[in-house]
Amino acid sequence: QVRLVESGGGLVQAGGSLRLSCAVSGRTFSRYAMGWFRQAPGKEREFVAAITWSGGSTYYRDSVKGRFTIFRDNAKNTVYLQMNDLKPEDTAVYYCASHRRWGPVGVTTNQEEYDCWGQGTQVTVSS
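Values in this document were obtained by computation on a predicted structure and should not be read as measured data.

Engineer: Could you clarify how one ought to interpret the overall build of the protein chain in this entry?
Structural biologist: Each helix and strand counted, the protein chain has zero helices and eleven strands in total. Overall, the protein chain shows an N-to-C arrangement of helices and strands of β-β-β-β-β-β-β-β-β-β-β. Overall size of the protein chain, expressed as C-alpha extent along the three principal axes, is 40 × 30 × 25 Å. Within the protein chain, buried positions represent 44% of all 127 residues. Counting contacts in the protein chain only where the partners sit at least 6 residues apart, residues at least 24 apart contribute 59% of the total. In the structure as shown, the protein chain presents an accessible area of about 6,400 Å², 44% of it carried by carbon and sulfur atoms.

Set out below in structure tokens:
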């Protein structure tokens, strides 16, 4: 059974930083592209960042470019999201997800391409 467990969320002031972690078990982590998504209250879940299985390519939504960094440690079966210069509009529940196909697939923003999801971690940014 595939399991994704996020951690690292919390309350932070605007301009602050957080690092989210997502530990994956039950799947050969190093063979799968990974993504981070978020859902703010009253809004639909949206793409944040994605990384290929090797870590060689990444992609971000425009509003987080230059502030967020996605990276992975395949030896630890963990993907991370480093979030700097946080803004109140970044407040949301953040989810990690594993791509449904293994191997050298490109980064994708399409949620339907991800088949396994974590339970989410709350990030709250105060102004």
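Engineer: Whenever I open this one, the sheet that holds strand β1 (residues 3–7) confuses me. Can you help?
Structural biologist: To summarise the sheet geometry, strands pair through backbone hydrogen bonds and adopt either a parallel or an antiparallel arrangement. Strand order in the open sheet formed by four strands is β1-β3-β8-β7, and the pairing between neighbours is antiparallel. The open sheet has two edge strands with one neighbour each: β1 and β7 (68–73). Each adjacent strand pair in this sheet contributes to an overall mean axis angle of 15 degrees, direction not counted. Pairing analysis gives six bridges linking strand β3 (residues 18–25) to strand β8 (residues 78–83), with the strands arranged antiparallel. Bridging across to β8, Leu20 finds its partner in Leu81.

Engineer: Looking at this model, I keep getting lost on the pairing of strand β5 (residues 46–51). Mind explaining?
Structural biologist: A regular strand places its side chains on the two faces of the sheet in alternate fashion. Among the six residues that make up β5, five are buried, leaving the element largely enclosed by the rest of the structure. Where strand β4 (residues 32–39) meets β5, five bridges bridge the pair, whose relative direction is antiparallel. The residue bridging Trp36 from the neighbouring strand is Ala49, located in β5. Between β4 and β5, which pair antiparallel and follow one another directly, the connecting turn spans six residues, one of which, Gly42, has a positive phi of 75 degrees. Two strands pair when backbone bridges link them, and β5 and strand β6 (residues 58–60) are joined in this way by three bridges, in the antiparallel orientation.

Analysis parameters
Each residue is numbered by its place in its chain's sequence as written, counting from 1. Whole-chain, interface and lining totals are the exception, using all residues; otherwise, since this is a predicted model, local features are given only for residues with pLDDT of at least 70 and side-chain atom pairs are given and counted only at 80 or more. Derived side-chain values reflect all non-hydrogen atoms in the structure, with water molecules and hydrogen atoms excluded from consideration. Per the convention used, a helix needs a DSSP run of H or I reaching at least four residues, while a strand needs a run of E reaching at least two, with both numbered from the N terminus. Each residue's exposure class comes from its accessible area (1.4 Å probe, protein chains only) as a fraction of the maximum for that residue type: buried when under 20%, exposed when over 50%, partly exposed otherwise. Between two residues, a contact is recorded if the distance between any of their heavy atoms is within 4.5 Å. Using a 1.4 Å probe, accessible areas were evaluated by the Shrake-Rupley method; residue-level cover was limited to the displayed protein chains. Between any two strands, at least two bridges found by DSSP are needed for them to pair. Orientation is described by axes fitted as lines to C-alpha atoms, over the contacting stretch for helices, and by angles from 0 to 180 degrees between their N-to-C directions.

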